[in-house]
Amino acid sequence: MEPLLNDLVDLLRSRRTTSGWTIPRLASALSISRPRVLRTLDEIQGLGYQIKSDNHSGIHLIAVPDRMIDTEILAGLKTRTFGCQLHCYRRIGSTNSRACQLADTSAPEGTIVVAEEQTAGKGRLNRSWHSPPYLGIWSSVILRPKLSLPRVSGLSLLAALAFAETAERELGLTVDLKWPNDGLIQGKKVLGVLTEVSAEGDRLSYAVCGTGINVSHEAVDFPAELRKRATSLKLAMGQSIDRLAFFRAFLGEFEHAYRSFRGEGITPFLPEYRRRSILLGREVVVQQGAHTVMGTGVGIDENGALVIREGRRDVVVFAGEVTLREPSARNSGE
Ligand code: BT5
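The residue count restarts for each chain, going from 1 along the sequence in the order it is written. With pLDDT at 70 or above as the cut-off, local features in this predicted model cover only qualifying residues; side-chain atom pairs require 80 or more to be listed or tallied, and sums for whole chains, interfaces and linings still use all residues. Based on all heavy atoms of the structure, the side-chain values leave hydrogens and waters out of the count.

Draft legend 1. Quick look at the side chain of Thr 231. A helix here means a DSSP run of H or I that spans at least four residues, while a strand means a run of E at least two residues long, and both kinds are numbered starting from the N terminus. Mapped onto the elements, Thr 231 comes out in the loop between β9 (203–214) and α8 (233–237). Not counting chain neighbours up to four residues away, the residues in contact with Thr 231 comprise Ile 185, Lys 188, Lys 189, Val 190, Asn 214, Phe 222 and Ala 236. Here, residues are in contact when the closest pair of their heavy atoms is within 4.5 Å.

Here you go:
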């Protein structure tokens, strides 16, 4: 948001519940003319801020928009580095692609890209991620952990776990995890994570961890082919969700987890991940290109890889598409 608009919102917020502002007081506090204050008030109302004005108590901010605006994300964000740079877009191809460009030009760890809508949202394996405007949290964070490359794969698991813990604590929802990157509520996908890395030799330059969280969708907001397999926080709760508050809580949880991940990788988080995993102890099939692994999910290792017992041997799976052989209510198609 432009600095002047930002300053005006900050001033209005600072007296939201007490005596209120007048046009002359705002003009003097912002060092601009009174007509310019009026124009700027119009502009912030155009962004969705709701303002009440009366002769006795002056000008009040009565509601802020449920929009991914930097000012609103930062208001009350309790992180140290996540959000140190925040790039907000109304519409973009993919927040992951933009974050990779920024990381290539030395954007610092913690830089976040977020968009209201993605026109080319990416899933894994060249799949697409449906990202309609204003209904989700489509965001990517740049990370530069000093871990060996295989250990960095644990980032997708970490992000999924941070999401699950946030949804449980903030909303009381139970979230299951499907290795490596899906968050499910009652078998339907509510979260997808896509981690992309850039490395020189075996040294990581950066990782971009992108999370797609379905927040405010009604069933009709999903394309027909996803309707049976996807859900949103709103559908799960049966009521509207404050997207900004959830995003801030998720970033706080993710950063907190990431601080210990930087030193120790995914290992300290494995008990919690296993507890939520729908694959462990179950018969699974993993498709890895032309090769198929069939067996029982028995563990997640210190690199975040899935361990499958196939006959008498354990097979370590780093990537691939997993399905359950005996579908249940907790299973998801993809
Ligand atoms: C994923 O891939 O689940 C990773 C999705 C990551 C999306 C985020 S949004 C912000 C950042 N910027 C990006 O460009 N991407 C990341 P995968 O496991 O391959 O699952 C993709 C499959 O999930 C698709 O083929 C669909 O079947 C399904 N799908 C697509 N959009 C969905 C949605 N909104 N909700 C639930 N399922 C969806």
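Draft legend 2. Spatial organisation of unusual backbone geometry. Pro 180 follows Trp 179 through a cis peptide bond whose omega is -5°. Here Pro 180 shows up in the loop between β6 (176–178) and β7 (182–185). Although it is not a glycine, Leu 125 adopts a positive phi angle of roughly 50°. Position of Leu 125 relative to the elements: it lies in the loop between β4 (112–118) and β5 (136–143). The phi angle at Gln 186 is positive, at roughly 45°, despite the residue not being glycine. Assignment of secondary structure puts Gln 186 in the loop between β7 and β8 (188–200).

Draft legend 3. Highlighting the pattern of salt bridges. Any carboxyl oxygen of Asp or Glu within 4 Å of a side-chain nitrogen of Lys or Arg constitutes a salt bridge here. Summed over all chains, the structure comprises 21 salt bridges. With its nearest N and O atoms 3.0 Å apart, the salt bridge here joins Arg 276 to Glu 168. A residue pair is termed long-range when its members are at least 10 positions apart, and Arg 276 in helix α10 (residues 270–276) and Glu 168 in helix α7 (residues 154–171) qualify at 108 residues. Exposure is judged per residue with a 1.4 Å probe applied to protein chains only, and the accessible area is read against the type maximum: over 50% gives exposed, under 20% gives buried, and values in between give partly exposed. Looking at Arg 276, the relative accessible area reads 3%, which means it is buried. The structure contains a network of salt bridges with shared partners spanning Glu 165, Glu 168, Glu 272, Arg 275 and Arg 276.

Purely geometric numbers; function is a separate question.
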